[in-house]
Amino acid sequence: MGSIITLSIVQSALELGFIYALVALALFISFSILNIADLSTDGCFTLGCAVCASVTLAGHPILGLFAAMAAMAAGVCSGFVTAFLQTKMGIQSILAGIIVNTGLYTINIAVMGFASNMNLFNCESVFTWAKTAIGGTWYKLIVAALIVIIVGVLISFFLNTRLGLSIRATGDNPDMVRASSINTSAMITIGLCVANALTGLSGGLLAQYQKSCDINLGTGMVKIALASLIIGESIIGKGGMLQRVTGVILGSCLYRFIVAVALRLNVPAECLKLVS
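These figures come from a predicted structure and were not determined experimentally.

(A) Main features of the side chain of Lys211. Locating Lys211 in the fold gives a position in the loop between α10 (184-210) and β2 (212-214). The class for Lys211 is buried, based on a relative accessible area of 18%.

Written as structure tokens, this is what we have:
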């Protein structure tokens, strides 16, 4: 068992777990809070990755994490379009997500200069800067964990504000919210914009973490995020908002650990989807 679970596997699983936890938090807002199945997540994740990679390739690594900011802004736009189709055009949420996800493929490949992948191996990134500042072998985990912890605390605080409570109420009982003179369309739009901003940030972090971006990188991201969400809620259970957010992050780390162990056990590539 010791030869299967090594320190490097745990470290790698935690690094990826924290990065993907941002997507799980995005689906926590859209799926658990707003009760909306947002299928634009795959395309939005790639969009964040592509925008961050493009800015990093231009030689702006800090802007790179703020390309992650640009990626977050792009994610906000994606969420706004999804919400617009749903609230103003009367399109069902699942279909709205599919439409946006399909359209984002062309936008993503355009952002990448109409190439299917981008290589960042010769570029400095936030992680290379952290290596210089922190040193050792844990710098990537420290950066990823710090970002996710800050985001998690902010999300917990936001969802307990007056606006956050209105968003939560919209997901629970939209008819009651309308009767209270709260604009449910605005609440859905804000919620989806925040969720997609987190997805874009996750994609941007992953681009700098693995020093590459691929047009198909976001494929299956909804599955990964939902699995993390289910694992986290099963372990932590229902409770306060901070407790639920912590459960989502823990679920993401556990999911990546399970996948890492499966790879360590030499599970055939064709069976990895079943394990996932």
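(B) Molecular detail of the pattern of salt bridges. On inspection of all chains with the given rule, the structure shows two salt bridges. Linking Asp175 and Arg178 is a salt bridge whose minimum nitrogen-to-oxygen distance equals 2.8 Å. Here Asp175 and its partner Arg178 are both found in helix α9 (residues 174-179), three residues apart, which amounts to about one turn of the helix. With relative accessibility at 55%, the residue Asp175 sits in the exposed group.

(C) Representation of the packing of aromatic side chains. Scanning the entire structure with this criterion turns up three aromatic pairs. Taking the centre distance of 6.5 Å and the plane angle of 25° together, the rings of Phe80 and Phe84 count as stacked. Of the two residues, Phe80 and Phe84 both sit in helix α4 (residues 67-87), four residues apart, roughly one turn of that helix. For Phe80, a relative accessible area of 45% puts it in the partly exposed group. If you follow Lys140 out to its NZ or CZ, it ends over the ring of Tyr209, 4.9 Å from the centre.

(D) View of unusual backbone geometry. In the Ramachandran plot, Asn35 falls in the positive-phi region, its phi being about 60° despite a non-glycine side chain. By the secondary structure assignment, Asn35 is in the loop between α1 (7-33) and α2 (41-57). Taking relative accessible area as the criterion, Asn35 reaches 58% and is therefore assigned exposed. Of note in the backbone geometry, Phe114 takes a positive phi value of approximately 55° without being a glycine. Structurally, Phe114 is set in the loop between α5 (93-111) and β1 (117-119).

(E) Structural context of the confidence of the model for the protein chain. Within the protein chain, residue pLDDT values average 86, and 95% of them lie at 70 or more. The secondary structure element of the protein chain with the lowest average pLDDT is helix α3 (residues 61-65), at 57, and the one with the highest is helix α7 (residues 139-158), at 92.

(F) How the structure looks around α7. With 20 residues, α7 extends 29 Å from end C-alpha to end C-alpha; this agrees with the ideal 28 Å at 1.5 Å per step. Restricting attention to buried positions, one finds in α7 the residues Tyr139, Leu141, Val143, Ala144, Ala145, Ile147, Val148, Val151, Gly152, Ile155 and Ser156.

(G) Inspection of α1 at higher detail. Taking the largest bend as the criterion, α1 deviates by roughly 30°, centred on Tyr20. Immediately downstream of α1, the backbone of Asn35 shows phi near 60°, a positive value.

(H) Molecular detail of the state of the cysteines. Within the structure shown, the criterion is met by zero disulfides. Between Cys77, a cysteine without a disulfide, and Cys193, which holds the nearest cysteine sulfur, the sulfur-to-sulfur distance is 7.9 Å.

(I) Examining the environment of Ser30 more closely. Examined against the element boundaries, Ser30 turns out to sit in helix α1. Take Ser30: its relative accessible area is 1%, and that puts it in the buried class. Separated by 166 residues in sequence, Ser30 and Asn196 place their C-alpha atoms 8.9 Å apart. If we ignore the near neighbours within four places in the chain, the residues touching Ser30 are Asn35, Ile36, Asp38, Leu192 and Ala195.

(J) Geometry of the nonpolar core. With 66 residues, the main nonpolar core has Phe18, Phe28, Val151 and Leu206 as its most contacted residues. Of all the elements in the fold, those that place two or more residues in this core are α1, α2, α6 (126-134), α7, α10, α11 (221-236) and α12 (241-264). The element that contributes the greatest number of residues to this core is α1, accounting for 14 residues. In contact with Val151, other than residues within four places in its own chain, are Leu22, Leu25, Leu198 and Leu201. Listed in part, the nine residues of the second largest apolar core include Leu47, Val51, Ala74 and Val100.

(K) Local environment of a nonpolar patch on the surface. Taken together, the side chains of Leu7, Ile134, Trp138 and Ile142 make up a nonpolar region of the molecular surface, amounting to roughly 380 Å² of accessible area. In this fold, Ile134 is placed in helix α6. For Ile134, a relative accessible area of 43% translates into the label partly exposed.

(L) Representation of the packing of α2 against α5 in the model. Two elements in contact, α2 and α5, have axes whose closest approach is 9 Å; the angle formed by their N-to-C orientations is 10°. Judged by the angle between their axes, α2 and α5 are roughly parallel. Where α2 abuts α5, its residues Asp42, Gly43, Cys44, Thr46, Leu47, Ala50, Val51 and Ser54 lie against Asn101, Leu104, Ile107, Asn108 and Val111. Residue classes in the contact of α2 with α5 are distributed as seven nonpolar, five polar and one charged.

What counts and what doesn't
Residues numbered from 1 in each chain as written. Predicted model: local features only at pLDDT ≥ 70, side-chain atom pairs only at ≥ 80, totals over all residues. Heavy atoms only, no water. Helix = DSSP H or I, 4+ residues; strand = E, 2+ residues; numbered from the N terminus. Buried < 20%, exposed > 50% of the residue type's maximum accessible area, 1.4 Å probe, protein only. Salt bridge = Lys/Arg side-chain N within 4 Å of Asp/Glu carboxyl O. Phe/Tyr/Trp six-rings, centres within 6.5 Å; stacked < 30°, edge-to-face > 60°. Lys NZ or Arg CZ within 6 Å of the ring centre and 35° of its normal. pLDDT = per-residue confidence, 0-100. Expected span 1.5 Å × (residues − 1). Bend = angle between axes of the 7 residues up to and from the residue. Disulfide = S-S within 2.5 Å. Contact = heavy atoms within 4.5 Å. Core = buried A, V, L, I, M, F, W, Y, C linked by side-chain atoms within 4.5 Å. Patch = residues over 30% accessible without salt bridge, like charges linked within 9 Å, V, L, I, M, F, W, Y side chains within 5 Å. Areas by Shrake-Rupley, 256 points an atom, 1.4 Å probe, with all protein chains shown as cover. Axes fitted to C-alpha atoms, helices over the stretch in contact; angles between N-to-C directions. Parallel < 35°, antiparallel > 145°, perpendicular 65-115°, else oblique. Nonpolar A, V, L, I, M, F, W, Y, C, P; charged D, E, K, R; others polar.

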